[in-house]
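Residue-level structure breakdown
The chain contents come next:
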Amino acid sequence: MNRISKNSLRAVALACATLAASAQAGEVEVLHWWTSGGEAKAVGSLKATLQAKGHTWKDFAVAGGGGDSAMTVLKSRVVSGNAPAAAQIKGPSLQEWAAEGVLANMDDVAKAEQWDSLLPKVVSDIMKYKGNYIAAPVNVHRVNWLWANPEAFKKAGTKVPTNWDEFFVAAEALKKAGIVPVAHGGQNWQDFTTFEAVALGVGGTEFYKKALVQLDPATISSPTMEKVLTTFKKVKDYTDKNAPGRDWNLATAMVIKGEAGMQIMGDWAKGEFVAAGKVPGKDFVCVAAPGTAKAYTFNIDSFALFNQRDAEKTKARKDLAVAIMSTEFQETFSLNKGSIPVRLNMKMDKFDDCAKASSADFVATAKTGALVPSIAHGMAVNSAAEGAIKDAVSQYWNSDKMSAKDAMGKIALAAKTR
Ligand code: GAL
C-alpha cells in the first residue's frame with residue numbers, strides 16, 4: 001500500500017468516526033444578547049451543559065442590552081429562511097412568533113419533564129401558545145431594584161433611599177460630594193427601565209397595571225401619570241453628561257468603582273458586581289427601587305426553538321430544553337446571572353441575600369397581586385406597543401422642550417400601536 005492510499009484510508013476511518021459521533025450529537029445555534037461580564041458567564045454555563053451532552057454550541061450573540069438589536073437580527077434571519085435552532089424570546093413576543101407558525105411545539109419534553117408541576121402558573125402561561133409549550137423558561141429577574149455603593153453614600157453623608165423624596169435628598173448629597181448620583185446609560189430601554197420603576201413607586205401597583213399592562217387610556221392621561229413623568233424627568237438631572245450611548249453594564253461599573261452612587265436596574269446588574277468579585281451587603285447593596293418594596297416587576301428569560309427538519313438537530317434542541325430546566329443548570333445559571341431559578345422548590349442556600357429576598361418577594365407578591373410584568377423588558381404588552389411607548393418615553397427624557405402633558409399625549413397614541 002502506498003502512502004497516498006494509507007492516508008486516504010485514514011481519512012475514511014476518521015470520516016466514519018465523525019459520522020458515528022454526529023449520529024447522536026447535533027449542533028445548536030443559539031441566539032442571545034448576553035455579552036456583558038455576568039451575562040457571558042451565565043451563558044457559558046448553558047454552553048457547557050450542552051457540550052457535556054456531546055452537542056456543539058454555535059454561538060449567535062448579538063450585543064446590546066435588552067435585546068432590541070438581537071430581535072432585529074432574528075427577524076431578518078427568519079424572514080430569509082435561515083432561523084437559528086434556538087433564540088432568546090420573551091413574554092408576549094413568544095405568542096407573536098408562535099402565531100407565525102415558526103416555533104417548535106415542546107410539549108413532548110414538557111410532559112416528560114413535568115413542567116406544569118415545576119413552574120409557577122404565571123410563568124407556564126407565558127411559555128404556552130394555545131395550550132402548548134413553545135418555550136423553556138430560564139430564570140426570573142426582578143427589575144425594580146436600586147443598586148448602591150455604600151462607600152459613596154458614606155462619603156456623601158446620606159442614606160440609601162426607600163422612597164422618591166429620599167431619593168432626591170440622597171442624589172443632592174451625592175452630587176455635592178462630587179459623585180455622579182445616578183449611573184445611567186444611553187439606550188431607550190434603560191430610560192424605560194427607570195420609567196417603569198418610577199411609575200410603580202409613584203403610582204403604585206394598581207396604577208402600574210392599568211397604565212402599563214392594560215394600557216388604559218384614562219390612566220395614561222391621569223394626573224398620576226403626569227406626576228410619574230415629572231418625577232422621572234427629575235432623575236435625569238442627577239445623571240452625568242456622558243450617559244448618552246453608554247451601555248448598562250458600564251453604568252453598573254461606575255457604581256462598582258464608586259464613581260456613581262446608585263443605579264436603577266434589574267438584577268442582571270448583580271451579575272456584574274459578582275463577576276467583579278464584589279460582595280452584596282458589603283461592597284454593594286440592593287434595595288427595592290424607591291417606593292416599590294411591596295411590589296415586584298418580573299422579567300423571565302426564555303428560549304424558543306425554531307422548527308427544524310434535521311433529526312440530529314432536533315435531538316440536540318430537545319436536550320437543550322431539558323438542560324435549561326434541570327436543577328443544576330437553574331442554580332448555576334442564576335448564580336452568575338443575578339436572577340433566581342424559575343423552577344419551584346429550588347434550594348436557595350447558595351444564593352446571596354438579594355436573591356433570597358427576590359425569591360421570597362416573588363412568592364409573596366404573587367399572593368397580594370403586586371407581582372407585575374415588566375413593560376420595559378417585554379413582559380407586559382405586545383411588542384409593537386412596547387416599542388412605540390419606549391420611544392415616546394425616551395423622546396421625553398431627551399427633550400428639553402417636551403412637557404409632561406405632551407409626553408402623555410404621545411404615550412397614549414403609542415399605546416394604540418398594534
Ligand atoms: C433583559 C434580559 C436580561 C438582561 C438584560 C440586559 O431584557 O431579560 O437577561 O441580560 O436584558 O441585557
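Remember, it's a predicted structure, so these values are computed and weren't measured experimentally. (Residues numbered from 1 in each chain as written. Predicted model: local features only at pLDDT ≥ 70, side-chain atom pairs only at ≥ 80, totals over all residues. Heavy atoms only, no water.)

Once that is clear, we can look at the site of the ligand. Around the ligand, 13 residues are found, and the nearest of them are Glu39, Lys90, Asp301, Lys337 and His377. Side-chain polar atom of Asp301 to an oxygen atom of the ligand: 2.6 Å apart, as the coordinates give it. Its residues placed into classes, the shell around the ligand shows four nonpolar, five polar and four charged. When we break the shell around the ligand down by domain, the ones giving at least three residues each are domain 1 (6-141 + 299-367) and domain 2 (145-297 + 375-414). (Near = heavy atom within 4 Å. Polar contact = N/O pair within 3.5 Å; in protein donor to acceptor, adjacent residues only side chain to side chain. Nonpolar A, V, L, I, M, F, W, Y, C, P; charged D, E, K, R; others polar. Domains from an automatic or database assignment.)

Inspection of the secondary structure assignment puts Lys159 in the loop between α8 (150-156) and α9 (164-176). The spacing of Lys159 and His141 is 18 residues in sequence and 26 Å in space, taken between C-alpha atoms. Not counting the four nearest positions on each side in its chain, Lys159 is found in contact with Phe153, Glu166 and Ala170. At 3.1 Å, the side chain of Lys159 forms a polar contact with the side chain of Glu166. (Helix = DSSP H or I, 4+ residues; strand = E, 2+ residues; numbered from the N terminus. Contact = heavy atoms within 4.5 Å.)

Moving on to the pattern of salt bridges. Side-chain pairs of opposite charge can arise where the charged atoms are in close proximity. Under the criterion given, the structure shown has 19 salt bridges. Ionic pairing is found between Glu29 and Arg77, a salt bridge with its closest N-O pair at 2.7 Å. Residue Glu29 is located in strand β1 (residues 27-32), and its partner Arg77 is located in helix α3 (residues 68-79); the two are separated by 48 residues in the primary sequence. For the pair shown, Glu29 and Arg77 are each scored as buried. Glu166 serves as the salt-bridge partner of Lys159, at 3.1 Å between the closest nitrogen and oxygen. On the accessibility criterion, Lys159 (52% relative accessible area) is exposed. Residues joined in a network through salt bridges with shared partners are Glu29, Lys58 and Arg77. (Salt bridge = Lys/Arg side-chain N within 4 Å of Asp/Glu carboxyl O. Buried < 20%, exposed > 50% of the residue type's maximum accessible area, 1.4 Å probe, protein only.)

A few words on the sheet that holds strand β10 (residues 285-288). Taken in spatial order, the four strands make up an open sheet running β8-β9-β7-β10, and their pairing is mixed. Two strands lie at the open edges of the sheet, namely β8 (180-182) and β10, each paired on one side alone. Put simply, the sheet's adjacent strands are angled 20° from each other on average, direction ignored. In this structure, strand β7 (residues 145-148) lies alongside β10, joined through four bridges in antiparallel fashion. Looking at the pairing, Ala148 lines up with Val285 of β10. Strands β7, β8 and β9 (260-264) of the sheet are contacted by α9, whose axis makes an angle of about 150° with β9. (Pairing = 2+ DSSP bridges. Axes fitted to C-alpha atoms, helices over the stretch in contact; angles between N-to-C directions.)

The subject of this paragraph is the packing of helix α2 (residues 37-52) against helix α14 (residues 268-275). Where α2 contacts α14, the axes come no closer than 7 Å and their chain directions differ by 90°. By the criterion of interaxial angle, the relationship of α2 to α14 is roughly perpendicular. Note on element contacts: α14 touches α2 through Gly271, Glu272 and Ala275, opposite Gly37, Gly38 and Glu39. When grouped by side-chain class, the residues that make up the contact of α2 with α14 number one nonpolar, three polar and two charged. (Parallel < 35°, antiparallel > 145°, perpendicular 65-115°, else oblique.)

Time to look at the pairing of strand β11 (residues 296-305). Buried residues dominate β11, accounting for 10 of its 10 residues. The alternating pattern of β11 places Tyr296, Phe298, Ile300, Ser302 and Ala304 on one face and Thr297, Asn299, Asp301, Phe303 and Leu305 on the opposite face, and all of these are buried. Summarising the sheet, strand β3 (residues 86-88) and β11 pair through three bridges and their orientation is antiparallel. Paired with Ala86 across the strands is Leu305, a residue of β11. One ladder, built from seven bridges, connects strand β6 (residues 135-142) with β11; its direction is antiparallel. Following the sheet pairing, Pro137 is matched in β11 by Ser302.

In this section: the confidence of the model for the chain. Mean pLDDT over the chain: 94, with 94% of residues reaching 70 or higher. Between residues 1-23, whose pLDDT stays under 50, and residues either more than four places distant or in other chains, the model counts four contacts. (pLDDT = per-residue confidence, 0-100.)

This part takes up unusual backbone geometry. Positive phi, close to 50°, is recorded for Lys130, a residue that is not glycine. Topologically, Lys130 is positioned in the loop between β4 (128-129) and β5 (132-133). Residue class for Lys130 comes out exposed when judged on its relative accessible area of 72%. Within the chain, Asn345 stands out as a residue other than glycine whose phi angle is a positive 55°. Look at Asn345 and you get exposed, because its relative accessible area is 80%.

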